[in-house]
2 protein chains.
Amino acid sequence: MARTQGSKAEITGPLVRDAARRLFARHGFAAVSMRQIAAEVGLQVGALYTYTPDKQALLADLMHSHMEDLLAAWQDDPARPALERLERFLRFHIKTSLERPEAVFLSYMELRNLAPGNRRVIAELRRRYEDALEAILIAGEAQGTMSVPDSRLTTMALIAMLTGVTNWYREGGRLDQDRVVAIYWDLVRGAVGA
Amino acid sequence: MARTQGSKAEITGPLVRDAARRLFARHGFAAVSMRQIAAEVGLQVGALYTYTPDKQALLADLMHSHMEDLLAAWQDDPARPALERLERFLRFHIKTSLERPEAVFLSYMELRNLAPGNRRVIAELRRRYEDALEAILIAGEAQGTMSVPDSRLTTMALIAMLTGVTNWYREGGRLDQDRVVAIYWDLVRGAVGA
DNA sequence: GTCTATATATTGATAGAC
DNA sequence: GTCTATCAATATATAGAC
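In this text, all values refer to a predicted model and were calculated from it rather than measured experimentally.

### Quick look at the protein's contact with DNA strand D
With respect to spatial proximity, 18 residues lie near DNA strand D, and among them Q44 and Y51 of chain A together with M34, R35 and K55 of chain B are the closest. Counting only atoms of DNA strand D within 4 Å of the protein, the fraction found in sugar and phosphate groups is 71%. Y51 of chain A is positioned with one of its side-chain polar atoms (N or O) 2.4 Å from a phosphate oxygen of DNA strand D. Between DNA strand D and the protein, one listed contact pairs a phosphate oxygen with a side-chain N or O atom of Y49 of chain B at 3.2 Å. Listed by contribution, the elements that provide at least two residues to the surface near DNA strand D are helix 1 (8–27) of chain A together with helix 2 (34–41) of chain B.

Encoded structure:
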């Protein structure tokens, strides 16, 4: 028999995660209390522990599922020209960063507040994401369509540059998403000497 | 009469600030207790309050003095070619970031943990620093030596890219500072279409 | 200037009623 | 599944002795 539609657990669980993600991103993991999260959802503290064994697991879970989503959503095709792959990566990264800025910011910033075991796991996932970009730069260099003197440094530089979009972009601001992508693509294309 | 040389206050005060800077940068402001800071310096908690009225003021002071140092140290010459000014800015920014990574990281990340009044002050100083770079990009566009379709976005993108160096650079690692500067300069020069 | 001791508030987490 | 009540730990900050 199917699970009860609209059972409270299936509604409240995601709400708890949403609130935690938002608050952690805005104020930092350590600065947010379980009581604040509960209040944001309209619960009392005790009820949160139906949805997470503890605060640390809540953070780790948010970061973990974000990185898994990211890696699952990124589909590359090594057979295509490297420049085309790079543009797709850029568009993917900016799109994700603007759609889920809190999750991106969390996974980027809160590694230091993870327990060592959790940190290793997330660092490894992040590494795989970085490697996806680096593979494109290496291919571009090999194909002669890019000039990338140090693929590792360039990878880190480009990701830092693109992720920075979460620091200043405001919905409904001066630039819309397509325009942002277009400008970043100009910058990145130039940076890799294409 | 001159102040007593080597009085404890003149030694301990900076030590407190150093410890706080290091710990705040590593674990985040909210995650660090006054007890941890005291222990790092070899004091008991109460003694810290000789050097700061409270924890918030300690953070604000660290960020404030860093930004003031940064702005005082940056000397631009608008009469020089924009490309030359840009290279100097890049060298200055990377040099500072590698010499004082904790201060740079703090001022970049902990705005959110400042009380509103302090936040306004630091945000304004940061804005002035960003404007110093943007002025160079605008001059480059005007001189025809750079192609910068959106000077504000490019400013934010370049600063994010350069500041990212604190995330991965390790003293004694694969690349020394001059090599890092050289590679970043290739990236930046390309990005601004020079 | 630093210590010990302490006031007061808040934290993460648990127990048991409903 | 959520509440109320509570525990033990820890937080910032202050007071007064030395």
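Next, the rest of the story.
### Quick look at the relation of the copies chain A and chain B
Of the transformation placing chain A onto chain B, the axial shift is 0.0 Å and the rotation is 180°, giving an RMSD of 0.1 Å. Within this description, the copies of the chain are treated as partners about a two-fold rotation axis. Comparing contact sets, 100% of the residues at the interface of chain A also lie at the interface in chain B, consistent with an isologous, same-surface contact.

### Notes on the environment of R91 of chain B
Relative to the helices and strands, R91 of chain B is located in helix 5 (residues 82–99). The partly exposed category is assigned to R91 of chain B, whose relative accessible area is 39%.

### Some words on helix 7 (residues 116–143) of chain A
Residues and elements named next belong to chain A. Under the 1.5 Å per step criterion, the end-to-end length of helix 7 is 40 Å for 28 residues, consistent within 8% with the ideal 40 Å. Looking only at helix 7, the buried set comprises I122, L125, Y129, E130, A132, L133, E134, I136, L137, A139 and G140. Turning to helix 7, the residues buried within the fold contact helix 4 (55–73), helix 5 (82–99) and helix 8 (151–163). A positive backbone phi angle near 80° is found at G144, which sits one or two residues after helix 7.

### Some points on the packing of aromatic side chains
Residues and elements named next belong to chain B. Tallied over the entire structure, the rule returns ten aromatic pairs over all chains. Here the aromatic rings of W74 and F89 are separated by 5.3 Å at their centres, their planes lie at 85°, and the arrangement is edge-to-face. In this pair, W74 is assigned in the loop between helix 4 (55–73) and helix 5 and F89 in helix 5, connecting sequence segments 15 residues apart. When its relative accessible area of 8% is taken as the criterion, W74 is described as buried.

### Structural notes on the protein's contact with DNA strand C
The local shell around DNA strand C holds 17 residues, among which M34, D54 and K55 of chain A together with Q44 and Y51 of chain B are the closest. The protein-proximal atoms of DNA strand C, defined as those within 4 Å of the protein, are 71% sugar or phosphate. Between Q44 of chain B and DNA strand C, the recorded distance is 2.7 Å, taken from a backbone N or O atom to a phosphate oxygen. At the level of secondary structure, the elements contributing two or more residues to the surface near DNA strand C comprise helix 2 (34–41) of chain A together with helix 1 (8–27) of chain B. Considering each element in turn, the surface near DNA strand C owes the most residues, three residues, to helix 1 of chain B. Considering only residue class, the surface near DNA strand C consists of seven nonpolar, six polar and four charged.

### Observations regarding the domain arrangement of chain A
Residue and element names in this part refer to chain A. Segmentation of chain A into domains returns domain 1 (1–52) and domain 2 (55–192). Centre-to-centre separation of domain 1 and domain 2, based on C-alpha positions: 27 Å. When domain 1 packs against domain 2, the two sides together hide about 1300 Å² of surface, and 70% of this comes from carbon and sulfur. For R17, the salt bridge goes to D61, with nearest N and O atoms at 2.2 Å. The interface formed by domain 1 and domain 2 holds six residue pairs in polar contact (both at pLDDT 80 or more) in total. Sorting the residues of the side of domain 1 that touches domain 2 by element identifies helix 1 and helix 2 as the ones contributing at least two each. If one sorts the elements of the side of domain 1 that touches domain 2 by residue count, helix 1 sits on top with six residues. Among the residues forming the side of domain 1 that touches domain 2, the class breakdown is eight nonpolar, two polar and three charged.

### Some thoughts on the interface of chain A and chain B
Facing 34 residues of chain A, the contacting portion of chain B comprises 34 residues. A buried area of about 2800 Å², summed over both sides, lies between chain A and chain B, and 64% of it is on carbon and sulfur atoms. Across the chain A-chain B interface, the total number found is four salt bridges. Note that D150 of chain B and R174 of chain A form a salt bridge whose closest N and O atoms lie 2.8 Å from each other. Linking chain A with chain B are six residue pairs in polar contact (both at pLDDT 80 or more), by the criterion used here.

The rules behind these values
Residues numbered from 1 in each chain as written. Chains lettered and ligands numbered in written order. Predicted model: local features only at pLDDT ≥ 70, side-chain atom pairs only at ≥ 80, totals over all residues. Heavy atoms only, no water. Near = heavy atom within 4 Å. Polar contact = N/O pair within 3.5 Å; in protein donor to acceptor, adjacent residues only side chain to side chain. Helix = DSSP H or I, 4+ residues; strand = E, 2+ residues; numbered from the N terminus. Least-squares fit on C-alpha atoms with pLDDT ≥ 70 in both. Contact = heavy atoms within 4.5 Å. Buried < 20%, exposed > 50% of the residue type's maximum accessible area, 1.4 Å probe, protein only. Expected span 1.5 Å × (residues − 1). Phe/Tyr/Trp six-rings, centres within 6.5 Å; stacked < 30°, edge-to-face > 60°. Nonpolar A, V, L, I, M, F, W, Y, C, P; charged D, E, K, R; others polar. Domains from an automatic or database assignment. Buried area = accessible area lost by both parts, 1.4 Å probe. Salt bridge = Lys/Arg side-chain N within 4 Å of Asp/Glu carboxyl O.

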